[in-house]
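Results of the structural survey
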Amino acid sequence: QVQLVESGGGLVQPGGSLRLSCVASGSISGIRPMGWYRQAPGKERELVANIGSGGSTTYSDSVKGRFTISRDNTKNTIFLQMNSLKPEDTAGYYCNVLSNYGKIYWGKGTLVTVSS
């Protein structure tokens, strides 16, 4: 089993910044691909950004240039630095990891609300 715990969400004004963290623990070894997804009320979950085991990154067009994904391999942790936040960024943010056995695990999410 693999556990993922997200943190860092909250209420922020438009134009503000937040930094999300996700810590992976349990049956995981090595550097695994991980990612951030988000789901707004009434919408499907969508990819925000992911980071490969070698450090390569991809971003959705809607966050490119504003969000940055990074990782601390010594702590099995990934981060999502979110700048220039917009009301449409409001969503639950979830991280996932591709385990050594090919299974994808999800965290329970952290809520980000962008509002004045």
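Read on for a plain summary of the structure. Here the structure is a predicted model, which is why all the values come from computation and not from measurement.

Pairing of strand S1 (residues 2-7) with strand S3 (residues 18-26), which is carried by 6 bridges, proceeds in the antiparallel orientation. In the sheet register, Ser-7 faces S3, and the bridge partner there is Ser-21. In this sheet, strand S8 (residues 77-82) lies alongside S3 in antiparallel orientation, the contact comprising 6 bridges. From the neighbouring strand, Leu-20 faces S8, where its bridge partner is Leu-80.

Residues other than glycine seldom take positive phi values, yet Asn-76 does so here, at roughly 50°. Position of Asn-76 among the secondary structure elements: in the loop between strand S7 (67-72) and S8. Since its relative accessible area comes to 25%, Asn-76 is described here as partly exposed. The residue Ser-84 is not glycine, and still its phi comes out positive at about 50°. Note that Ser-84 resides in the loop between S8 and strand S9 (91-98).

For the rest of this paragraph, the subject is the sheet that holds S1. Taken together, 4 strands build an open sheet; the order of strands is S1-S3-S8-S7 and the sheet is antiparallel. Since the sheet does not close on itself, it has two edges, and those belong to S1 and S7, each with one partner. Across the sheet, the mean angle separating the axes of adjacent strands is 15° when strand polarity is ignored.

So, on to the environment of Ser-62. Within the fold, Ser-62 resides in the loop between strand S6 (57-59) and S7. For Ser-62 and Gln-3, which are 59 residues apart along the polypeptide, the C-alpha to C-alpha distance reads 28 Å. A distance of 3.1 Å separates polar atoms of two side chains, one belonging to Ser-62 and the other to Ser-60.

Calculation notes
- Residues numbered from 1 in each chain as written.
- Predicted model: local features only at pLDDT ≥ 70, side-chain atom pairs only at ≥ 80, totals over all residues.
- Heavy atoms only, no water.
- Pairing = 2+ DSSP bridges.
- Helix = DSSP H or I, 4+ residues; strand = E, 2+ residues; numbered from the N terminus.
- Buried < 20%, exposed > 50% of the residue type's maximum accessible area, 1.4 Å probe, protein only.
- Axes fitted to C-alpha atoms, helices over the stretch in contact; angles between N-to-C directions.
- Polar contact = N/O pair within 3.5 Å; in protein donor to acceptor, adjacent residues only side chain to side chain.

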